[in-house]
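Chain residues, written in single-letter form:
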Amino acid sequence: MKLKEPKKPKNIPKNSHWLSGIGAGSWFVISKENNHYRIERYSDEGVVECSKLFTTKDTFNINEPFTFTYISHCMECTILQKNHKIKFYTNEY
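Residues numbered from 1 in each chain as written. Predicted model: local features only at pLDDT ≥ 70, side-chain atom pairs only at ≥ 80, totals over all residues. Heavy atoms only, no water.

Draft legend 1. Summary view of the nonpolar core. Grouped together as the largest cluster of nonpolar side chains are 13 residues, with contacts concentrated most on I30, I39, F60, F68, C77, I79 and F88. Elements with a minimum of two residues in this core: β2 (25-33), β3 (36-43), β6 (76-81) and β7 (84-89). If sequence neighbours within four positions are ignored, I39 has contacts with F28, V29, I30, C50, S51, K52, F54, F68, C77 and F88. Ranked by size, the runner-up nonpolar core spans five residues in total, among them I12, W18, V29 and Y42. (Core = buried A, V, L, I, M, F, W, Y, C linked by side-chain atoms within 4.5 Å. Buried < 20%, exposed > 50% of the residue type's maximum accessible area, 1.4 Å probe, protein only. Helix = DSSP H or I, 4+ residues; strand = E, 2+ residues; numbered from the N terminus. Contact = heavy atoms within 4.5 Å.)

Shown next as structure tokens:
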């Protein structure tokens, strides 16, 4: 059973995206930092689970509509934009 989107805790940015999982879910936020993207993942209760710099070889426009999709975790994230899956990777541990 997928976890429905809970009420967003006040500490989670307004531009966050909810990604539901089986029995759990996470809030994801992406922002541009120079030639990288900062992706932060929060628990359903608002606890920061990770905040890392990611890169992608794909074309991504942060100003166009997008959604986070599977597989997304603290080492790899996937965004769906215009029916195209865009992979983001980090080398931070």
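And the narrative resumes.
Draft legend 2. Representation of the state of the cysteines in the model. Enumeration according to the criterion identifies one disulfide in this entry. The disulfide partner of C50 is C74, and the gap between their sulfur atoms is 2.2 Å. On the sign convention where negative is left-handed, the bridge of C50 and C74, at about -90° about the S-S bond, is left-handed. Of the two residues, C50 sits in strand β4 (residues 48-54) while C74 sits in the loop between β5 (67-69) and β6, which places them 24 residues apart along the sequence. The burial state of C50 is the same as that of C74; both residues are buried. (Disulfide = S-S within 2.5 Å.)

Draft legend 3. Focus on the environment of G46. Note on placement: G46 falls in the loop between β3 and β4. As for G46 and T78, which are separated by 32 residues in sequence, their C-alpha atoms are 21 Å apart. Here G46 is in contact with P9, N11 and I12, once residues within four sequence places are set aside.

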